[in-house]
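Commentary on secondary and tertiary structure
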Amino acid sequence: MFGNLKTQPADKILMLMQLFKDDPRPTKIDLGVGVYKNAKGETPIMRAVKAAEKQLWEQETSKSYVALAGDPGFADAMINLVLGNAVDRGNVSAAATPGGTGACRQAFEMARMANPDVRVFVSNPTWPNHLSILKHLGIETVTYRYFDNGTRGVDFEGMLEDLAQAKPGDLVLLHGCCHNPTGANLNLAQWQAVVDVLLKTGATPMIDIAYQGFGDGLEEDAAATRLVASSVPEMLIAASCSKNFGVYRERTGILMAVTADKGLSTLTQGTLAYLNRQNYSFPPDHGARLVTMILNDDALRADWAAELEEVRLSMLGLRQQLADELRKLTGSDQFGFIAQHRGMFSRLGVSPEVVSQLRDDHAIYAVGDSRINIAGLNKETVPALAKALHKCGV
Ligand code: PMP
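The numbering scheme is per chain: residues are counted from 1 as the chain's sequence reads. Under the rules for a predicted model, residues below a pLDDT of 70 receive no local features and side-chain atom pairs below 80 are neither given nor counted, while totals for whole chains, interfaces and linings still include all residues. Excluding hydrogens and water, the side-chain figures rest on all heavy atoms present in the structure.

The next subject is the overall build of the chain. Working definition: helices are DSSP H or I runs of at least four residues, strands are E runs of at least two. Numbering for both runs from the N terminus. Within the chain, the regular secondary structure consists of 14 helices and 13 strands. Dimensions along the principal axes, computed over C-alpha positions, put the chain at roughly 60 × 55 × 55 Å. To sort residues, take the accessible area from a 1.4 Å probe on protein chains only and compare it with the maximum for the residue type: under 20% means buried, over 50% means exposed, and anything in between is partly exposed. The buried share of the chain, reckoned over its 394 residues, is 54%. Contact definition: two residues touch when any of their heavy atoms are within 4.5 Å. Counted over contacts in the chain with a minimum sequence separation of 6, partners at least 24 positions apart contribute 76%. Areas reported here follow the Shrake-Rupley algorithm with a probe of radius 1.4 Å; residue values treat only the protein chains shown as occluding. When the accessible surface of the chain is summed, it comes to about 17800 Å², and 53% of that surface belongs to carbon and sulfur atoms. Computed over 39 positive and 44 negative side-chain charges, the separation of the two mean positions in the chain equals 5 Å. Charged residues are defined here as Lys and Arg on the positive side and Asp and Glu on the negative side; His and the ends of the chain fall outside this count. Think of each charge as sitting on NZ of Lys, CZ of Arg, CG of Asp or CD of Glu.

Written out as structure tokens, the structure is:
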């Protein structure tokens, strides 16, 4: 039986991680995988997470199952973090999932349950795992224009034109902030124009928000999601706690369904619980519980928000430093966009040949589409990257 299996394509980013690991050069720099790293190259456990874990170890008396949709307290805390007061709590149903990836997977399945012919509109480019999950599920995707390789910003006109092709029953997947892989984002006025197109077409938006707090701040990064939620009749939100709480391996995420019609909440809540039951039954609890404890405790929450802000500002500093170094070397502002982009990533917009040259000649590992993880840099390695790029002729 197993002989019938086909070899599946390897994940390019995970392959790159292995190549980096095997590279003996001591000056090597990993700008590949999307994990936050501090100046020492470590991915530390956040202080508030460690403190919550200690409390949990002392207080937890059972590891029995919690609930199919996870702890309702986690849902309340996350709905509050992501949506604030944008919509009434009664209009939101939610279920904990294994990471933001689990939330995306459940969202696509739920959309297909509601409409077997659903098409999912995805930005060009988008996080590759969106595409691979959709392909695995056999769901049709429609690409909309997003990244403009000339300006390294958003091709906004193209995006609106393509989104106007959506129809009721389609799902339009948008990144709430810190677009992965490009780092190029819409401003709020542009989000309003997207909302107008969504309302005109009747398509249902799905927002994937995996980096709240990594861009312009916790509230600022949620503003687009809140705007959409308060404007459209229905939407899905897949939120990840992996990055902003640094709980990657705990697999902590949540899928929310917002419905203007409160009567639909029972149906969507039941569907979310049903989907969890079919795919893995009870979702992981440990990370979700830590997140809930942090968000519900003033001192822990303040410490978490302060540490997250340090992370955000350090990435902004590195962006500015890299843009400045490249301006000095090239005598032009063609890389000024690096300081304008937000989140952990920037797509440099250089050719695959330059990406290979960076790896072969300079031991600098970027993803093939020229996405770099800004957090893979530090003050000392920024000049090395700038010099290497310049040597590659950019
Ligand atoms: N969406 C996007 C856009 C992401 O970049 C990620 C993380 N790479 C996720 C979702 C989900 O991450 P996780 O499953 O680790 O929470």
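Still to come is the rest of the account.
Being near a molecule or strand, for a residue, comes down to having at least one heavy atom within 4 Å of it. Around the ligand, the neighbouring residues are G99, G100, T101, W127, N180, D208, A210, Y211, S240, S242, K243 and R251. Compared with its free state, where it exposes 400 Å², the ligand has 90% of that area covered by protein. Per-element tally for the shell around the ligand: the top contributor is helix α4 (residues 99–114), with three residues. Note that Gly is not counted as nonpolar here; it falls among the polar residues with everything else outside the nonpolar set of Ala, Val, Leu, Ile, Met, Phe, Trp, Tyr, Cys and Pro and the charged set of Asp, Glu, Lys and Arg. The residue inventory of the shell around the ligand, partitioned by class, reads three nonpolar, six polar and three charged.

Below, the discussion takes up a nonpolar patch on the surface. Side chains of M1, F2 and L5 sit close together on the surface and give an oily, nonpolar patch of about 460 Å² of accessible area. For M1, the position within the fold is in the segment before α1 (12–22). Within the patch definition used here, like charges are joined within 9 Å and nonpolar side chains (Val, Leu, Ile, Met, Phe, Trp, Tyr) within 5 Å, considering only residues with over 30% relative accessible area and no salt bridge. Salt bridges are counted wherever a side-chain nitrogen of Lys or Arg sits within 4 Å of a carboxyl oxygen of Asp or Glu.

Once that is clear, we can look at the domain arrangement of the chain. What the domain assignment reports for the chain is domain 1 (10–44 + 301–391) and domain 2 (65–296). Contact residues are listed per partner, giving 24 residues for domain 1 and 28 residues for domain 2. A simple way to read buried area is as the amount of 1.4 Å-probe accessible surface that goes missing from two parts once joined, with both sides added. Of the roughly 2300 Å² buried between domain 1 and domain 2, counting both surfaces, carbon and sulfur atoms make up 57%. Three residues stand out in domain 1 for area buried against domain 2, namely R301, W304 and R347, and they jointly supply 30% of the buried area on that side. In this assembly, domain 1 and domain 2 are joined by one salt bridge. When the shortest N-O distance is used, the salt bridge between R342 and D216 registers 2.9 Å. Any N or O atom pair separated by 3.5 Å or less is treated as a polar contact, with the protein-specific requirement of one donor-capable and one acceptor-capable atom, and with residues adjacent in sequence counted only for side-chain atom pairs. Counting across the interface, domain 1 meets domain 2 through 14 residue pairs in polar contact (both at pLDDT 80 or more). Residue ranges assigned to each domain were obtained from an automatic or database domain assignment.

Our next topic: the environment of V258. Tracing the backbone through its elements, the reader meets V258 in strand β10 (residues 253–259). Between the alpha carbons of V258 and L300 there is a distance of 29 Å; along the sequence they are 42 residues apart. In contact with V258, not counting residues within four places along its chain, are L83, V87, N91, V92, A229, P233, E234, M235 and I237.

Right, let's get into the sheet that holds strand β7 (residues 171–175). With respect to topology, seven strands assemble into an open sheet ordered β2-β10-β9-β8-β7-β3-β4, the strand pairing being mixed. Only two strands of the sheet have a single partner each, and these edge strands are β2 (92–97) and β4 (140–145). For this sheet, the mean inter-axis angle between neighbouring strands, taken without regard to orientation, is 20 degrees. When DSSP locates at least two bridges between a pair of strands, those strands are taken to pair. Pairing analysis gives six bridges linking β2 to β10, with the strands arranged antiparallel. Within β10, the position partnered with V92 by the bridge is V258. Working convention: axes come from line fits to C-alpha atoms, limited for helices to the stretch in contact. Angles between N-to-C directions cover 0 to 180 degrees. Sitting on the sheet, α4 is in contact with β2, β3 (119–124), β7, β8 (204–209), β9 (234–240) and β10, with an inclination near 160 degrees to β9. Its contacts with the sheet place helix α7 (residues 188–201) against β7 and β8, and it is angled at close to 170 degrees to β7.

This part is about unusual backbone geometry. A cis amide bond, omega 5 degrees, links N124 with the succeeding residue P125. Along the polypeptide, P125 turns up in the loop between β3 and α5 (128–137). A cis geometry characterises the amide bond from N180 onward to P181, with omega recorded as 20 degrees. Along the polypeptide, P181 turns up in the loop between β7 and α7. With a phi close to 55 degrees, R251 is a non-glycine residue in the positive phi region. Looking at the secondary structure, you find R251 in the loop between β9 and β10. By relative accessible area, which is 31% here, R251 ends up partly exposed. Of note, the phi angle at S370 is positive, near 75 degrees, even though the residue is not glycine. Looking at where S370 falls in the secondary structure, it is placed in the loop between β12 (364–365) and β13 (371–373).

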